[in-house]
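# Observations on chain architecture
For reference, the chains in residue letters:
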Number of protein chains: 2
Amino acid sequence: MKRSVLRQMIAVVSRPGILSFAGGLPSPALFPTQAYGAALSEVLQEDSRALQYGPPFAPLIAQIVRLMARRGVDVAPEQIFITTGAQQALDVLAKLLVDPGGSVLLEERSYTGMLQALASRQPRLLPVPTDLATGINVDTVARYLASGERPAFLYVIPEAHNPLGVSIGVDKRVRLVELAREYGVPIVEDDPYGLLSYDGEAPSPLRALDADWVFYVGSFSKILAPALRLGWIVAPPALIPQLTVVKEAVDLETSALTQRAVGHFLEQGQLPAHLERLRAAYGSRRDAMLAALKASFPPEAVWTIPSAGMFIWVELPAQVDCQALLERAVAEEQVAFIPGHAFALPGCSAGAAMRLNFSNATEAEIADGIARLGRVLNDIV
Amino acid sequence: MKRSVLRQMIAVVSRPGILSFAGGLPSPALFPTQAYGAALSEVLQEDSRALQYGPPFAPLIAQIVRLMARRGVDVAPEQIFITTGAQQALDVLAKLLVDPGGSVLLEERSYTGMLQALASRQPRLLPVPTDLATGINVDTVARYLASGERPAFLYVIPEAHNPLGVSIGVDKRVRLVELAREYGVPIVEDDPYGLLSYDGEAPSPLRALDADWVFYVGSFSKILAPALRLGWIVAPPALIPQLTVVKEAVDLETSALTQRAVGHFLEQGQLPAHLERLRAAYGSRRDAMLAALKASFPPEAVWTIPSAGMFIWVELPAQVDCQALLERAVAEEQVAFIPGHAFALPGCSAGAAMRLNFSNATEAEIADGIARLGRVLNDIV
């Protein structure tokens, strides 16, 4: 196990004075700070169990059931498992599903947190390519399975893939679920961005198509705030007791106070308007970044057009050394991004590429920063 | 891995109408609810990073350095590692220290959370007996080490052992640290109760005697509130980066909001007076329980006299079936405790015994509840 290159890099390039498109940070100006503070005050005043040990908080679970319905997924409270953030969800699922010597199917470029959660189990990683326009290559998944591979699970981010920004269409979702059923291979579906869609509602997640083979992972980090450290798993009810055993061993339980405060915030019906604000702001920032890329980047560069989430993936001519590019961008133009290689599976190449975050900078900063980045890039290409 | 017998049992016997001495719950009436609510409000108002992702919060670490000084331990900020509760501290230390096929030294009757944290590593458990008056049998530890065993670590709760309530004297502390140094075997020292002492200050923890071989685990659950889910490890600075890698994989980071709010609470100097209140209240409850045991329990029963913490351990004549006793106590007298076997290492016996919690009932409830328990017991013995 080694420290996430990504998080180390983010720390380095997030110095004061640097305009950073590096992190995966939501915008703090858009946090529902006042409303959440009020929710905290109210539950502290009214509920003497708010600071005590306690079981999973049923009213929060009821609200998550409603949130899932909004994503087109019909679930029962018994299928919801509360976690201390989505990273813990990935960790407990890795512990539950991956046996020693097992394997896992995941994309060649994927979310580094999943790799970290898997590191202690040391599974064989079966890499799957991703098409920048249509997402995960389902034919490759089918070939692995047809050839006899029986991975512990397939990891997918169907909506606004991190780092690639691509969403997958309904046909591929249906095929993935069919493969899971046919071969008895579970899917871990990571959906932090499904409610942050900018061109109408996102399609329903894979979990809407299958209740038995899909473990859905949700998170409040991007739609409310990361410091809540609150997420959830939708799992078959028979597996909730096993998830409970695993979770007790890692942190006993998730904060009763946080569960109550978020439950209270959601009960007051404040989320829909809040999501509208986020979608409007992040959608405009996405548009600003797409326009700036078109205006400032060399014609050899290509990029994804995300319909949701926080990231644009830019591919550059193969000869560009993106690590060197980052160093020059920081030194000469005080602007930062994450080179694609930070997201590559061990032994895989991410190509010459960069991940750009558009959620944590204003439209003016985006226009300015992408122009500065374009200057360095045009000097190199 | 199976679900903690303890937590299952606590759920069952904590039904409404039951007077429960079963859990390990602090008293919610003594939580600093208002002051912590104020701290939350203030950091939310004043610090835009309070709801964002962020690195470990240096001002909280500075306050923990001061708290450690109060326990007689001189540490540098670089030695403090923030965790999402002490259970996470035990989990990440188990991951860091225990290799496949390794072994761990721990007492025959010990904190079940440590066993749960170890379960996924499946080490050989080397059981050590505990004397109810003087604590862990250091001669047994020495014999294991002299015979060539090299466990990943020795787990100890020097102050107010859970479940036994015993604290160990300075001589044994010194000997344990000498053994750790001599054989190069780390000690994991779990100290949730060191600041909850009722007969003057508790002796300094083992970490005060050695900075290289002792990993100290601290917790805010018992001195502030469990729902904070906030704890810490004191570790050699060279190991902090490795702990960071392990922690990132399990939950990325501990809530920035919680770290800031607890830091703010501590900076205002509110802890000493709060601890005095806790000590006065819990000390009286301990005394009430000791008096009630003397008044109501049969002469064959013996118990520990804790100088700190939350628990009294009662040993009964060998023929008493404590599980049956619990069932009768709940059915006939609506009073609950945890039978000793819930704390026994696999393959070890806890004897005929019960753990009684005195922190979460008033003195009147304690007098009444112990009298009721005594009635059932006198009928059996």
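Structural notes, computed from the coordinates. Just so we're clear, the structure is a prediction, and the values are computed from it rather than from any experiment.

So, about the pairing of strand β9 (residues 214–219) of chain A. Residue and element names in this part refer to chain A. Across the 6 residues that make up β9, a large majority, 6, are buried. Burial along β9 is two-sided: the residues Val-214, Tyr-216 and Gly-218 and Phe-215, Val-217 and Ser-219 are all buried. Looking at chain direction, strand β8 (residues 187–190) and β9 are connected through 4 bridges and run parallel. Residue pairing in the sheet places Asp-190 in a bridge with Val-217 of β9. One ladder, built from 4 bridges, connects β9 with strand β10 (residues 231–234); its direction is antiparallel. Its bridge partner being in β10, Tyr-216 is matched across the sheet by Val-234.

The 4 strands are arranged β11-β12-β15-β14 (chain B) in an open sheet whose pairing can be described as antiparallel. At either end of the open sheet lies a strand with only one pairing partner, and these are β11 (302–303) and β14 (338–339) of chain B.

Let us look at the packing of helix α4 (residues 86–97) of chain B against helix α8 (residues 240–251) of chain B. To describe two helices that pack against each other, one gives the angle between their axes and the distance between the axes. Residue and element names in this part refer to chain B. Between α4 and α8, whose axes approach to 10 Å, the crossing angle comes to 120 degrees. What the angle tells us is that α4 and α8 run oblique. When the axes of α4 and α8 are compared, the crossing they make is right-handed. Only Gln-242, Leu-243, Val-246, Lys-247, Val-250 and Asp-251 of α8 make contact with α4, whose side of the interface consists of Gln-88, Asp-91, Val-92, Leu-93, Lys-95 and Leu-96. Considering only residue class, the contact of α4 with α8 consists of 6 nonpolar, 2 polar and 4 charged.

Glancing now at the relation of the copies chain B and chain A. Overlaying chain B with chain A gives an RMSD of 0.0 Å, the required rotation being 180 degrees about an axis along which the chain moves by 0.0 Å. Taken together, the rotation and translation relating the two chain copies correspond to the operation of a two-fold axis. In this assembly, 100% of the residues forming the interface of chain B have copies in chain A that are likewise at the interface, indicating an isologous arrangement.

Residues and elements named next belong to chain B. Tallied over the entire structure, the rule returns 10 aromatic pairs over all chains. With 4.9 Å between their ring centres and 50 degrees between their planes, Phe-220 and Trp-232 make a pair best called tilted. Of this pair, Phe-220 sits in the loop between β9 (214–219) and β10 (231–234) while Trp-232 sits in strand β10; the two residues are 12 residues apart in sequence, bridging distant segments of the chain. Taken as a pair, Phe-220 and Trp-232 share a single burial class, namely buried.

Our next topic: the pairing of strand β7 (residues 153–156) of chain A. All names here are of chain A. The alternating pattern of β7 places Phe-153 and Tyr-155 and Leu-154 and Val-156 on opposite faces, both of which are buried. Sheet analysis places strand β3 (residues 103–107) next to β7, joined by 2 bridges and oriented parallel. By the bridge assignment, Leu-105 is partnered in β7 with Leu-154. Sheet analysis places β7 next to β8, joined by 3 bridges and oriented parallel. Within the sheet, the bridge partner assigned to Tyr-155 lies in β8 and is Val-188.

Our next topic: the pattern of salt bridges. Applying the stated rule across the entire model yields 34 salt bridges over all chains. In this structure, the salt-bridge partner of Asp-139 of chain A is Arg-175 of chain A, at a minimum N-O distance of 3.0 Å. Here Asp-139 of chain A is found in helix α6 (residues 138–146), whereas its partner Arg-175 of chain A is found in helix α7 (residues 170–183), with 36 residues between them in sequence. Asp-139 of chain A sits in the partly exposed class, given a relative accessible area of 40%. Residue Arg-175 of chain A is classed as partly exposed on the basis of its relative accessible area, which comes to 35%. When the shortest N-O distance is used, the salt bridge between Asp-210 of chain B and Arg-181 of chain B registers 2.4 Å. In this pair, Asp-210 of chain B is assigned in the loop between β8 (187–190) and β9 and Arg-181 of chain B in helix α7 (residues 170–183), connecting sequence segments 29 residues apart. In this structure Arg-181 of chain B comes out as partly exposed when scored by relative accessible area, which is 43%. Linked through salt bridges whose partners overlap, the residues forming this network are Asp-47, Arg-49 and Arg-260 of chain A.

Scoring rules and cut-offs
- Residues numbered from 1 in each chain as written.
- Chains lettered and ligands numbered in written order.
- Predicted model: local features only at pLDDT ≥ 70, side-chain atom pairs only at ≥ 80, totals over all residues.
- Heavy atoms only, no water.
- Buried < 20%, exposed > 50% of the residue type's maximum accessible area, 1.4 Å probe, protein only.
- Helix = DSSP H or I, 4+ residues; strand = E, 2+ residues; numbered from the N terminus.
- Pairing = 2+ DSSP bridges.
- Axes fitted to C-alpha atoms, helices over the stretch in contact; angles between N-to-C directions.
- Parallel < 35°, antiparallel > 145°, perpendicular 65-115°, else oblique.
- Left-handed = near helix turned anticlockwise from the far one by under 90°.
- Contact = heavy atoms within 4.5 Å.
- Nonpolar A, V, L, I, M, F, W, Y, C, P; charged D, E, K, R; others polar.
- Least-squares fit on C-alpha atoms with pLDDT ≥ 70 in both.
- Phe/Tyr/Trp six-rings, centres within 6.5 Å; stacked < 30°, edge-to-face > 60°.
- Salt bridge = Lys/Arg side-chain N within 4 Å of Asp/Glu carboxyl O.

What is shown is where atoms sit, not what they do.
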